[in-house]
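# Reading the structure
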Amino acid sequence: MAHTPVNHPARPIYRAIGGLTGLYLVVFGVLGIIASAGNEVLAQDDTRSIGQGTNLGFSLISVLLGLAVLAGTAIGRNIDVVINQWLAYLLMAVSLAGLAFLRTEANIFNFSVATVIVLMVLSLVLLMVGMYGKVGTDEEREAFEKARLVL
């Protein structure tokens, strides 16, 4: 039995939203790299990118994650679904850890409250995109519809 919708009619829209999320991560990361140029990789200072606290290390990670989302979106074939769901869980964990260590020396990515909120929203968007972007055969779609009607 399928747990997520298959061949959702709004699949292209969700895929575009996933691509825009990846693009946001890349832009945030590039602007963060520019803003933190010359600083230490895990500096804890007042560096900001699009109003969010960051440092060179987190900016580089953001670019890599954004490129992974964009690559998955470009490839499609349910690879984007897997990438979006796993990265959504990863971003949730990172944002919650960032919130836990916000005002401590363990804040290695120089997070601010805005960074935590934006990361949590991005993770929820990626999770939604991953859940509704699955492509399958007509038989899988019919099985999902029948299972949904039973519930």
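Residues numbered from 1 in each chain as written. Predicted model: local features only at pLDDT ≥ 70, side-chain atom pairs only at ≥ 80, totals over all residues. Heavy atoms only, no water.

What follows covers empty space enclosed by the protein. Evaluation of the coordinates by the stated rule reveals one cavity of 30 Å³ or more. The space that makes up the largest cavity amounts to roughly 40 Å³. As for the largest cavity, its lining consists of Tyr 24, Leu 25, Phe 28, Gln 52, Phe 58, Ser 62, Thr 115, Val 118, Leu 119 and Leu 122. Broken down by secondary-structure element, the contributors of at least two residues to the lining of the largest cavity are helix H1 (11–35), helix H2 (56–75) and helix H4 (113–132). No other element matches H4, which puts four residues into the lining of the largest cavity. Taken together, the residues of the lining of the largest cavity sort by class into seven nonpolar, three polar and no charged. (1 Å grid on protein atoms, 1.4 Å probe; cavity = no way out; pocket = protein on both sides within 12 Å on 5 of 7 lines; lining within 4 Å. Points joined across faces, edges and corners; volume = space filled by probe spheres on them. Helix = DSSP H or I, 4+ residues; strand = E, 2+ residues; numbered from the N terminus. Nonpolar A, V, L, I, M, F, W, Y, C, P; charged D, E, K, R; others polar.)

A few words on the environment of Thr 73. Secondary-structure assignment places Thr 73 in helix H2. Sequence separation of Thr 73 and Ile 61 is twelve residues, and the distance between their C-alpha atoms is 18 Å. In this structure, Thr 73 is in contact with Arg 15, Gly 18, Gly 19 and Asp 80, ignoring residues within four places of it in sequence. (Contact = heavy atoms within 4.5 Å.)

The next point concerns H4. Quick reminder: α-helices carry 3.6 residues per turn. Residues three or four places apart thus point the same way. For H4, with 20 residues, the first-to-last C-alpha span of 29 Å sits near the 28 Å given by 1.5 Å per residue. The complete set of buried residues in H4 reads Thr 115, Val 116, Leu 119, Leu 122, Ser 123, Leu 126, Leu 127, Val 129 and Gly 130. For H4, the buried positions fall inside an angular range of 160 degrees around the axis, keeping them on one side. In the core, the buried residues of H4 are packed alongside H1, strand E2 (52–53), H2 and helix H3 (79–100). (Expected span 1.5 Å × (residues − 1). Buried < 20%, exposed > 50% of the residue type's maximum accessible area, 1.4 Å probe, protein only. Arc of directions from axis to C-beta.)

What follows covers a nonpolar patch on the surface. On the surface, Leu 20, Leu 23, Val 27, Val 30, Leu 31, Ile 34 and Ile 50 cluster together into a nonpolar patch covering about 610 Å² of accessible area. By secondary structure assignment, the location of Ile 50 is in the loop between strand E1 (48–49) and E2. Accessibility expressed as a relative area gives 45% for Ile 50, which makes it partly exposed. (Patch = residues over 30% accessible without salt bridge, like charges linked within 9 Å, V, L, I, M, F, W, Y side chains within 5 Å. Areas by Shrake-Rupley, 256 points an atom, 1.4 Å probe, with all protein chains shown as cover. Salt bridge = Lys/Arg side-chain N within 4 Å of Asp/Glu carboxyl O.)

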